[in-house]
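Residues per chain, in single letters:
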Amino acid sequence: MPSPVPSHPAPFHTTSSEQEDLPHATKRKMADHLRRLETMFTLTPQRMRMIVEAFKDALELGLAKDSQIVPMIPTYVFGWPSGDEAGNYLAVDLGGTNLRVCLVTLQGAGKWEITQSKYRLSEEQKQDDGQQLFDFCAECLKTFVVTNIEGGVIPKGAILPLGFTFSYPCSQNKIDHGVLIRWTKGFGAPNTEGHDVVEMFRKSLERHDVPAEIVALTCDTTGTLIASHYVNPATKIACIFGTGCNAAYMERVGDIPKISALGLDAQDEVAINCEWGAFDSFEHEHLPRTKYDITIDEQSNKPGEQAFEKLISGRYLGEILRLIICELIDEGVLFLGQNTYKIEIPYSFDTAFLSLMESDPTDELLMIIGIFSHFFAVETTLAERQFFRALAKLVGRRAARLSACGIASIVSKMGYLEEGCAVGADGSLYNKYPGFADRIHEGLVDIFGEKGRNIVTYHAEDGSGIGSAIVAAMTKLRKEAGKYPTL
Ligand code: GLC
């Protein structure tokens, strides 16, 4: 039999059945890789229950002693709002992506009005000197206040109480104080860790002559807890699934051994900002990290830290998928003969792309074509696009199921399963990632069985605007009533 002599040099790759000019990955190879990755990214119910147990121990430890991995920060927000809180409040939210300044008018009876402005934070600002970052916040607030005084919305000469939402772990010994334990979410501004951020922001407000007085420092989760309970009293837990990931809930003072020396009434309740993104940090004993997660961690500005958050939050999911794709490029499976430098840039694959990939309604997966051709200048076959979508699903589903483990640990610790509870949730991942909430709910059933259906997440109220104003109002009322006036 004559040997099949090709009329042109044999390709060193396998072409796809789609008759494209470029060499593409074979369906078989992709199926093999998908199977391998499925094993890495799938969480069995049994594994989830083990994580929940370890998580509960970490929560307890954080309540018992200072400086634990999961810090369990008492926020000095005592109890739930009454709904009668009223007045004008400023709210400043230094978030992971934006700076938001708001004027909130609480009208009592659970009603409010809000006026706001948003400013995008640049990557440079996140690494700028800390005082400069707070100066920027003060400048933006000044412009906002001046505009609203001119517009007649804020009375001239008024010094407005301000709720400052600063969503990074801070240890607090009273509500208008907070020493930054560590930056998270890629921030790294020097001269801030170990400093009281309220003091720093106050200095900037004075320097820019802003007529505002910081009444309370809160975290987005605490604000969300309070704002959500304001409208839905069945809310017992609040979570943020955005650039970062965290939760807050209300704890009995008597069950927080580490603050026993304060001599507070054991029956009182105080909101706890868990900072659960730190779960399993440094030790890495409980969470199923893949090699991609380890790479992200090692290459981050905070290796070892925020171990739970790095598997879940919007800052990292796109990067996890990008690393998988890059590995397959290196192995010669994907995009042979194409120029892949764009996709090789760290953090170039936005988590929003995963959302789009999972929600693409077209048979041809046209949105996925667009993402890869427009942003990364590479061509894809339908089979490849289906493969990428399956990968996005693995990464997104794992994030949601791990989130369910976090929620379950609070539910189980607090004994909320039988009576059930509502969980107010916010953040881009929760709000925009298709199926994220459903997957959390599925996860809760996998952990608790049918009773898991008693725990229902819903889209929360605006924690860092409304919530922060309500916290400021509650604090003023509490102090005026002479309750814990120094806290
Ligand atoms: C990070 C922060 C935390 C915040 C969360 C969500 O985990 O440390 O304070 O609540 O992101 O924004």
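Residues numbered from 1 in each chain as written. Predicted model: local features only at pLDDT ≥ 70, side-chain atom pairs only at ≥ 80, totals over all residues.

A. Fine view of the site of the ligand. Taken together, 17 residues surround the ligand, and among them Ser167, Thr184, Gly244, Asn246 and Gly277 come closest. For the shell around the ligand, the class distribution of residues is five nonpolar, eight polar and four charged. (Near = placed C-beta within 6 Å. Nonpolar A, V, L, I, M, F, W, Y, C, P; charged D, E, K, R; others polar.)

B. How the structure looks around helix α15 (residues 463–480). Its 18 residues give α15 an end-to-end C-alpha distance of 24 Å, which sits within 8% of 26 Å, the value for a rise of 1.5 Å per residue. Following α15 by one or two positions, Gly482 has its phi on the positive side, about 75°. (Helix = DSSP H or I, 4+ residues; strand = E, 2+ residues; numbered from the N terminus. Expected span 1.5 Å × (residues − 1).)

C. Examining the sheet that holds strand β4 (residues 111–120) more closely. Taken together, five strands build an open sheet; the order of strands is β4-β3-β2-β5-β8 and the sheet is mixed. Two strands in the sheet have a free side with no partner beyond their single neighbour: β4 and β8 (212–218). With direction set aside, neighbouring strand axes in the sheet form an average angle of 25°. Here strand β2 (residues 86–94) runs beside strand β5 (residues 160–166); their pairing, made up of five bridges, is parallel. The partner of Val92 across the bridge, within β5, is Phe164. (Pairing = 2+ DSSP bridges. Axes fitted to C-alpha atoms, helices over the stretch in contact; angles between N-to-C directions.)

D. How the structure looks around the UniProt feature "domain: Hexokinase N-terminal" (unreviewed entry) in the chain. With numbering matched to this structure, UniProt assigns "domain: Hexokinase N-terminal" (unreviewed entry) to residues 34–230. Annotation note: span residues 34–230, helix share 39%, strand share 27%, distance between end C-alpha atoms 45 Å. (UniProt positions renumbered as here; feature names shortened; annotations may be inferred.)

E. Geometry of the environment of Val423. With respect to the helices and strands, the residue Val423 is situated in strand β12 (residues 421–426). With 26 C-beta atoms packed within 10 Å, Val423 lands in the buried category. Distance in space between the C-alpha atoms of Val423 and Glu384 is 37 Å, their sequence separation being 39 residues. (Buried ≥ 20, exposed ≤ 12 C-beta atoms within 10 Å, placed from the backbone.)

F. Broad picture of helix α5 (residues 197–207). What α5 keeps buried is the set Val197, Val198, Phe201, Arg202, Ser204 and Leu205. All buried residues of α5 fall inside an arc of 160° around its axis, so they share one side. On its buried face, α5 is in contact with α4 (130–150), β5, β6 (170–171), β7 (179–180) and β8. One or two steps after α5, the chain reaches Asp209, where phi turns positive at roughly 55°. (Arc of directions from axis to C-beta. Contact = placed C-beta atoms within 7 Å.)

G. The arrangement of the pairing of strand β1 (residues 73–78) in detail. The buried fraction of β1 is high, at six of six residues. Residues Ile73, Thr75 and Val77 line one face of β1 and the alternating positions Pro74, Tyr76 and Phe78 line the opposite face, and both faces are buried. Alignment of β1 against strand β11 (residues 269–273), held across three bridges, turns out to be antiparallel. The partner of Pro74 across the bridge, within β11, is Ile272.

H. Main features of the packing of helix α9 (residues 314–330) against helix α10 (residues 351–359). The N-to-C vectors of α9 and α10 enclose an angle of 70°; their axes lie 7 Å apart at closest approach. Relative to α10, the element α9 lies roughly perpendicular. Residues Gly314, Leu317, Gly318 and Leu321 of α9 form the contact with α10, whose participating residues are Thr351, Phe353 and Leu354. A class-by-class count of the residues in the contact of α9 with α10 yields four nonpolar, three polar and no charged. (Parallel < 35°, antiparallel > 145°, perpendicular 65-115°, else oblique.)

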